[in-house]
Amino acid sequence: ILLEYRGTSVLFSGDLGRPADPVIVAPAAVEHADYLVLESTYGDRLHEPDDQGAKLAAIVSETAARGGKVIIPAFAIGRVEEVLYWLKRLEDEKRIPALPVYVDSPMAIEGLRLHVNRSDELDAGLQGSGRKLTAFATRHFESVTSPRQSADLVQSTKPAIIVSSSGM
């Protein structure tokens, strides 16, 4: 929100986002503001250069080769979608094995549903690809919808990828 009063401008924003985010539309450039008020949880840090999923692919492949589970803690809204995007992309490119991928977070599952229903608001790369409705669905994707399913998943010894927000 940009407010201007008597020649002074104040811009209020949440997270400005990353220009190369593969899921969310890149933030619009702000050409001028006299004052800027924004969320800054990570404002004192620089992001590492994008490695096109190389670290994630290595972790998933090494863990799968040992027969283990990859557990990825992720914020329920926004980060889960990005993690799933990368898992699907790496799977499609055959850079990781096609493991079961579980999302164990009711809020994240609802967030995914909203993203799919409003896919016209996703990054243009997803919109133009014809993949927008399946951008987050790996070959063996499953939503965990009950405490029993979650407990069974924890007890399972089968290789898998689990994406969960805190509290799993």
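Every value quoted in this text rests on a predicted model; they were computed, and no experiment measured them. (Residues numbered from 1 in each chain as written. Predicted model: local features only at pLDDT ≥ 70, side-chain atom pairs only at ≥ 80, totals over all residues. Heavy atoms only, no water.)

Asks: Please set out helix α2 (residues 79–92) residue by residue, giving values where relevant.
Replies: Taking 1.5 Å per residue as the helical rise, α2 with its 14 residues ought to reach 20 Å, and the 20 Å between its terminal C-alpha atoms agrees with that figure. In terms of burial, α2 is a largely internal element, eleven of the 14 residues being buried. Here α2 has its buried residues at V80, E81, E82, V83, L84, Y85, W86, L87, K88, L90 and E91. One or two steps after α2, the chain reaches K94, where phi turns positive at roughly 60°. (Helix = DSSP H or I, 4+ residues; strand = E, 2+ residues; numbered from the N terminus. Expected span 1.5 Å × (residues − 1). Buried < 20%, exposed > 50% of the residue type's maximum accessible area, 1.4 Å probe, protein only.)

Asks: Lay out the pairing of strand β2 (residues 8–13) with the relevant residues and their values.
Replies: By the bridge criterion, four bridges tie strand β1 (residues 2–5) to β2 in an arrangement that is antiparallel. For L2, the partnering residue across the bridge sits in β2 and is L11. Linking β1 back to β2 in an antiparallel pair, the connection comprises two residues, with R6 at a positive phi of about 50°. As defined by bridge partners, β2 adjoins strand β3 (residues 35–38) across four bridges and the pair is classed as parallel. Bridge pairing in β3 places F12 opposite V37. (Pairing = 2+ DSSP bridges.)

Asks: I'd love a proper account of the nonpolar core, names of residues and values included.
Replies: Counting residues in hydrophobic clusters, the biggest one holds 25 residues, and the most contacted among them are V60, V80, L84, L87, V103, I161 and V163. Only α1 (54–65), β4 (69–73), α2, β5 (100–104), α3 (106–117) and β7 (160–164) provide two or more residues apiece to this core. The leading source of residues in this core is α2, at seven residues. Once you skip the residues sitting within four places of it in the chain, V103 turns out to touch V80, L84, A108, I109, L112, F141, E142, S143, V144 and V163. In terms of nonpolar packing, the next biggest core, distinct from the first, is built from five residues, Y102, L153, A160 and I162 among them. (Core = buried A, V, L, I, M, F, W, Y, C linked by side-chain atoms within 4.5 Å. Contact = heavy atoms within 4.5 Å.)

Asks: Go over the packing of α1 against α2, please, and point to the residues and values.
Replies: Across the interface, α1 lies against α2 with an axial gap of 10 Å and an inter-helix angle of 70°. Accordingly, the angle class assigned to the pair α1 and α2 is roughly perpendicular. Every residue of α2 that contacts α1 at L56, A57 and V60 is listed here: W86, L87 and L90. (Axes fitted to C-alpha atoms, helices over the stretch in contact; angles between N-to-C directions. Parallel < 35°, antiparallel > 145°, perpendicular 65-115°, else oblique.)

Asks: So what about the environment of V83? Which residues, and what values?
Replies: With respect to the element layout, V83 can be found in helix α2. As for V83 and L56, which are separated by 27 residues in sequence, their C-alpha atoms are 9.3 Å apart. Those residues in contact with V83, other than ones at most four positions away along the chain, are I72 and V163.

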